Amino acid sequence: MSADHWLADTRTSYDTVAGSYADFVREALAGAPYLRASLALFADLVNAAGGGPVADVGCGPGHVTAHLRALGVDAFGIDLSPAMVDVARRDHPGLRFEVGSMTDLDLADASLAGLLAFWSLIHVPDEAVPTVFDHFRRVLRPGGPLLLGFRTGDESTLKARGYGGHPMHVHVHRRRPDRVADRLRAAGFTVEAHMALDLDKSASGAILFARRRS
């Protein structure tokens with residue numbers, strides 16, 4: 001599948017479900033203590049490294065961006081979907097949100113103190129992951145922390161209907177943490193920690209903490 005094809009499908013799908021998705025995740029962090037703990041640790045790592053701008057890439061309706069700001073992080077959001085960015089700006093006035101793609105980040109080299117991609121890699125096909133990780137490394141400062149959250153497994157499935165029952169057309173890619181870690185190392189990151197989530201549920205996940213090597 002070409003980059004133009006899957007990016008267009010992802011953009012259109014999330015434009016369609018933006019309002020319903022925002023309702024679905026609005027209180028999600030309140031019931032997710034391990035995710036909140038990972039975000040708090042990420043904020044501590046950013047601040048310990050001197051602080052600075054942090055990009056929430058694939059920010060959706062901005063709930064994680066806003067949570068990071070409440071933790072004292074200078075976070076801003078980037079999302080592929082213009083409708084999702086509109087919702088984020090509506091729900092979190094005063095915070096910075098912009099339209100962009102993780103496959104071609106419009107950010108200066110070494111301009112970020114940290115980068116977060118929380119469940120936003122799930123629609124990126126395997127062949128595009130190295131490009132995404134290269135961009136993550138490029139825009140991070142040497143030593144800057146990276147936090148990834150993703151679904152775990154070996155399969156990819158087509159999601160044809162989503163939040164609020166609206167039509168979607170996106171592939172959901174599950175990945176093994178060891179393979180994601182190997183790709184991060186190949187892109188110039190040191191992988192520092194791995195947290196497994198929801199091991200007794202069908203939709204298990206993982207958190208990886210990494211850091212850009214100099």
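Refer to the preceding data block for the structure.
A short tour of the structure in this document, coming up.

Rules used in this analysis
- Residues numbered from 1 in each chain as written.
- Predicted model: local features only at pLDDT ≥ 70, side-chain atom pairs only at ≥ 80, totals over all residues.
- Heavy atoms only, no water.
- Helix = DSSP H or I, 4+ residues; strand = E, 2+ residues; numbered from the N terminus.
- Rg over C-alpha atoms; globule rule 2.2 N^0.38 Å.
- Buried < 20%, exposed > 50% of the residue type's maximum accessible area, 1.4 Å probe, protein only.
- Contact = heavy atoms within 4.5 Å.
- Areas by Shrake-Rupley, 256 points an atom, 1.4 Å probe, with all protein chains shown as cover.
- Pairing = 2+ DSSP bridges.
- Axes fitted to C-alpha atoms, helices over the stretch in contact; angles between N-to-C directions.
- Right-handed = clockwise from strand over helix to strand, strands pointing away.

1. A short note on the overall build of the protein
Okay, so step 1: On a plain count of helices and strands, the protein comes out with 6 helices and 9 strands.
Okay, so step 2: In terms of overall size, the protein behaves like a compact globule, its C-alpha atoms giving a radius of gyration of 16 Å where 214 residues would be expected to give roughly 17 Å.
Okay, so step 3: A principal-axis box enclosing the C-alpha atoms of the protein has dimensions of 45 × 40 × 35 Å.
Okay, so step 4: A burial count over the protein gives 50% of its 214 residues as buried.
Okay, so step 5: For the protein, the share of sequence-separated contacts (at least 6 apart) that also reach a separation of at least 24 residues comes to 68%.
Okay, so step 6: For the protein, the accessible area works out to roughly 9700 Å², and carbon and sulfur atoms hold 51% of it.

2. Describing the sheet that holds strand β3 (residues 97–99)
Okay, so step 1: Ordered by their spatial adjacency, 7 strands build an open sheet running β3-β2-β1-β4-β5-β9-β8, and the pairing between neighbours is mixed. The two strands at the open ends of the sheet, each matched to only one other strand, are β3 and β8 (189–197). For this sheet the average axis-to-axis angle between neighbouring strands, irrespective of direction, equals 20 degrees.
Okay, so step 2: In this sheet, strand β9 (residues 205–212) lies alongside strand β5 (residues 145–151) in antiparallel orientation, the contact comprising 7 bridges. Considered in β9, the bridge of F150 is made with A206.
Okay, so step 3: Lying on the sheet, helix α3 (residues 63–70) is in contact with β1 (53–57), β2 (74–79), β3 and β4 (114–118); it crosses β2 at an angle near 170 degrees.

3. Quick notes on the pairing of β2
Okay, so step 1: Here β2 lies mainly inside the structure; 5 of its 6 residues are buried.
Okay, so step 2: The pairing of β1 with β2 spans 5 bridges and is parallel. If you follow A55 over to β2, its bridge partner there is F76.
Okay, so step 3: For the segment spanning β1, α3 and β2, crossover handedness is right-handed.

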